Each structure stands twice: as C-alpha cells, then as structure tokens.
Amino acid sequence: MEIADIGHTALIEINRLRRNGNRVFSKCEYNNPTGSHKDRTFIHIINELESNNRITKGMTLVDCSTGNGGASLAWIAQKKGYKAVIFMPEGMTQERKNQILSFGATIIETPKEAFLSGATDSANLFVKNNQKGSFFIDQSSSLLNKSAWYQCGNEISNELKEKGIIPDYFVCSIGTGGTFSGIARILKSDFVSLQTIAIEVENSAPLYAIRHSLDFTHRNHNLMGLGSGFVSGNTDIELIDEIVTVNGKRSWDKMKEYNENERLYIGPTGGANLVICEDLLKRVRNKNIVTIFFDSAWKYKSRWDGVYPEYIE
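Residues numbered from 1 in each chain as written. Predicted model: local features only at pLDDT ≥ 70, side-chain atom pairs only at ≥ 80, totals over all residues. Heavy atoms only, no water.

Going by what an unreviewed UniProt entry lists, the protein chain is known as cysteine synthase and is assigned to Yersinia nurmii. In UniProt, the protein chain has this text filed under Pathway (unreviewed entry): "Amino-acid biosynthesis; L-cysteine biosynthesis; L-cysteine from L-serine: step 2/2." (UniProt positions renumbered as here; feature names shortened; annotations may be inferred.)

**What about the overall build of the protein chain?**
Counting its secondary structure elements, the protein chain contains ten helices and ten strands. Since a compact globule built from 313 residues should have a radius of gyration of about 20 Å, the 19 Å found for the protein chain is in line with a globular shape. Expressed along its principal axes, the backbone C-alpha trace of the protein chain runs to roughly 60 × 45 × 40 Å. Going through the 313 residues of the protein chain one by one, you find that 59% of them count as buried. Relative to all contacts within the protein chain whose residues are 6 or more apart in sequence, the contacts with residues 24 or more apart total 74%. Within the protein chain, one finds 36 positive and 36 negative side-chain charges whose respective centroids are separated by 2 Å. (Helix = DSSP H or I, 4+ residues; strand = E, 2+ residues; numbered from the N terminus. Rg over C-alpha atoms; globule rule 2.2 N^0.38 Å. Buried < 20%, exposed > 50% of the residue type's maximum accessible area, 1.4 Å probe, protein only. Contact = heavy atoms within 4.5 Å. Lys, Arg positive; Asp, Glu negative; His and termini not counted. Charge placed at Lys NZ, Arg CZ, Asp CG, Glu CD.)

**Some points on the sheet that holds strand S5 (residues 106-110)**
Reading across the sheet, the four strands line up as S5-S4-S3-S6 and stay open at both edges, with parallel pairing between neighbours. The open sheet terminates on both sides in strands that have one partner only, identified here as S5 and strand S6 (134-136). Averaged over neighbouring strand pairs, the angle between their axes works out to 20° when direction is ignored. Here helix H3 (residues 94-102) sits on the sheet in contact with strand S4 (83-89) and S5, set at roughly 145° to S5. (Pairing = 2+ DSSP bridges. Axes fitted to C-alpha atoms, helices over the stretch in contact; angles between N-to-C directions.)

**Some details on the pattern of salt bridges**
Counted according to the given criterion, the structure contains 25 salt bridges. Here Lys79 and Glu2 are joined by a salt bridge, their closest N and O atoms 3.4 Å apart. Pair noted here: Lys79 is in helix H2 (residues 68-80) and Glu2 is in the segment before strand S1 (11-13), with a separation of 77 residues, a long-range link. Ionic pairing is found between Glu50 and Lys80, a salt bridge with its closest N-O pair at 3.1 Å. Here Glu50 is found in helix H1 (residues 38-51), whereas its partner Lys80 is found in helix H2, with 30 residues between them in sequence. Residue Glu50 is classed as buried on the basis of its relative accessible area of 18%. Judged by its relative accessible area of 15%, Lys80 is buried. Residues joined by salt bridges that share partners form a network here, namely Arg16, Lys254, Glu257, Glu262 and Glu278. (Salt bridge = Lys/Arg side-chain N within 4 Å of Asp/Glu carboxyl O.)

**As for helix H7 (residues 178-190)**
For an α-helix, 3.6 residues make a turn, and residues three or four places apart therefore share a direction. With 13 residues, H7 should reach 18 Å at 1.5 Å per residue; the first-to-last C-alpha distance of 19 Å fits that figure. Along H7, the residues classified as buried are Gly178, Thr179, Phe180, Ser181, Gly182, Ile183, Ala184, Ile186 and Leu187. Where H7 is buried, its residues meet helix H5 (144-147), helix H6 (150-163), strand S7 (169-173), strand S8 (195-201) and strand S10 (288-293). (Expected span 1.5 Å × (residues − 1).)

**Considerations on the packing of aromatic side chains**
Enumeration according to the criterion identifies five aromatic pairs in this entry. Their ring planes at 65° and their centres at 5.7 Å tell us that Phe87 and Phe126 sit as a pair that is edge-to-face. Linking Phe87 in strand S4 with Phe126 in helix H4 (residues 115-129), this pair joins segments that are 39 residues apart in sequence. Their ring planes at 70° and their centres at 5.6 Å tell us that Phe115 and Tyr311 sit as a pair that is edge-to-face. Placement of the pair is Phe115 in helix H4 and Tyr311 in the segment after S10, with a sequence separation of 196 residues. As far as the burial class goes, Phe115 and Tyr311 line up, both buried. Sitting over the face of the ring of Phe191, Lys161 holds its NZ or CZ atom 5.8 Å from the ring centroid. In this structure, Lys301 packs its charged tip against the face of Trp304, placed 4.0 Å from the ring centre. (Phe/Tyr/Trp six-rings, centres within 6.5 Å; stacked < 30°, edge-to-face > 60°. Lys NZ or Arg CZ within 6 Å of the ring centre and 35° of its normal.)

**Observations regarding a nonpolar patch on the surface**
A cluster of nonpolar side chains, Ile210, Val231 and Ile237, forms an exposed patch at the surface whose accessible area comes to about 230 Å². As for its placement among the helices and strands, Val231 is situated in the loop between helix H8 (206-211) and strand S9 (242-246). You can call Val231 partly exposed: its relative accessible area is 32%. (Patch = residues over 30% accessible without salt bridge, like charges linked within 9 Å, V, L, I, M, F, W, Y side chains within 5 Å. Areas by Shrake-Rupley, 256 points an atom, 1.4 Å probe, with all protein chains shown as cover.)

**A few points about the sheet that holds strand S2 (residues 23-28)**
Overall, mixed pairing links the six strands, which are arranged S1-S2-S10-S7-S8-S9 in an open sheet. Pairing within the sheet leaves two strands with one partner each, and these edge strands are S1 and S9. In this sheet, adjacent strand axes meet at a mean angle of 25° when their direction is disregarded. Pairing of S1 with S2 involves three bridges; the strand directions are antiparallel.

**Observations concerning the side chain of His44**
Note on placement: His44 falls in helix H1. Once residues lying within four places of it in the same chain are set aside, the contact partners of His44 are Leu144, Ser147 and Ala148.

**Observations concerning the side chain of Asn259**
With respect to the helices, strands and loops of the structure, Asn259 is situated in helix H9 (residues 248-262). A residue is classified by how much of its surface remains accessible, and Asn259, at 8% relative accessible area, is buried. In terms of polar contacts, Asn259 uses its side chain to reach the backbone amide nitrogen of Tyr265, at 2.8 Å. In contact with Asn259, other than residues within four places in its own chain, are Leu264, Tyr265, Ile266, Ala297 and Trp304. (Polar contact = N/O pair within 3.5 Å; in protein donor to acceptor, adjacent residues only side chain to side chain.)

Shown next as structure tokens:
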C-alpha cells in the first residue's frame, strides 16, 4: 500500500438497519492502508507541516496515541523519510504495538495512571530535550487534525448527492474531535437541515457533563481512542446538536455481532457508533443516517473479551 491509497474509502449502506423507513450509511475508514481513519489525519498534518517548512526529512516526529494514530504516523514517517517516536499509555493492544514497531518506530510506554495526559507530558519533555531534531505533532491540539477531515466530508457529501440522498443525521464518536468536527462542518454546510449526534464513552464524557451542567470525573474504560479525559481544541462544540454517552461493553458486543453476522470486521468504536444508530432508529422515521467505521477488528484480538486489565477500577 502507498500513501496515494489513503482516503476515498467506500460509503456503504447497512441493509439490516433498514427500519421504519430509515437508512444507515457508513464510511469505511478501516479500509485505509494501516487499518484506521488516522491515516487521513497524519498525512494531512505532515503534508501541511512540510509545505510550511516546519519539518524536514530526517527529523524525528513525535506524538501520543493509544495505537491507531501511532501506526499511521509510523507508517507515513517511514514512507516519507522521517523517524517516529510514539508515546503510548501502557496496556494497549499488542497488535497495535506490533504494527507500530513493524514500521520502524520507537514506542515509549507511559504510566497507566495518567493515561493520555501522562503520555502528552512525556512527549513534551522528550521534544524539549531534543529540540533540534524532533517535532511534536500533537494531533489532539493541532487544528490540522480537524481540517484533515474536510476531504472525507466532501467525499461523503458528493456520494450522497450522486445517490440522490439527503442525510438527516450524522452520528460519530468523539476522540480528539477532529474526525467529528471536520466531517460535520462540511455536511452541515451542504445539508442545512442535518442534525449531529456526538458520542462519548460514559466513563469519560466531559462534553456531556458540560452540556448538562454536571461535574466531570474521568474514569477508566475500554473504548481506547475515545474518552481521553479532556475536550480537545479540535472539537467544535457548536457543531454538536445532541451529545450522548455509550457503554463500553455494549459497544464491544455490538462490534462482535456485526463482525459475525455482517462480516464488517470493525473495531469497538465502530460498535459504539452502531449502538447509537440503532437507538436512533427506534425514535425516528424515514430518515437517512450517516456514521463512520474507524478501525479494524484485528487490532483488538489480544483483548477480544473487551477487558483491559490495567484499567479495571
């Protein structure tokens, strides 16, 4: 696979969800070269940084990740002539660690107690101590993360227009917020009646807490890639019409159900999107719903029971 293979993933209809006149479509981002949506994020960020002469080949690119972003960065760095160092909270799946290492990157695991905030602190210290030869990508804070997803939004919009379909809802889980916000901005611009539903894992839902005037406390969970414990600058809160929470076990169970019965082979965050889509189908009629499948099931085989022992409270 080559860098040119990133993007233009299939937009499929999930036929088993044709209920009450509703139709559900999903963009299959797990078909990107490394098996996740993060390929789009990092090729855009790196290309933009190169065009502005902020990075040059031979440098070490640094970022924090629970796995998908680290693999994307490592693969693209290898293709383009950079080194990569990935700071990762301990306890992530072995498949994702193996993938990152296979692309020649270095993994530095950080204590589980601080989760992604600890990885970020360590990455910042690393770059501070290696100023001349390293650059902290910082996907969570870089607004290039969000703009990376305008292309995907345009792909979805164009495909729906070709099919003569007007979407009524966009349903998407929130991690860094870049994927949700970038796509939502395009779809809301092209389809003015579109409503968005953002999803947070129930154990770490700061946006839900803000919207409902609740106290927020981050708790451990099993939907890695979501629920970092803070609201990223890439999350455009004004684009969120409704914010809901999802249960981790229910998401893993839904992933397995669709992998077995529909042969989708998606990861648990894709399962989370399906949980909320199914809930939505119970309360609406004759609507068109768009969602995202972020990554591939194979990345989770070593945790197939949905349990991360390091993060059990």
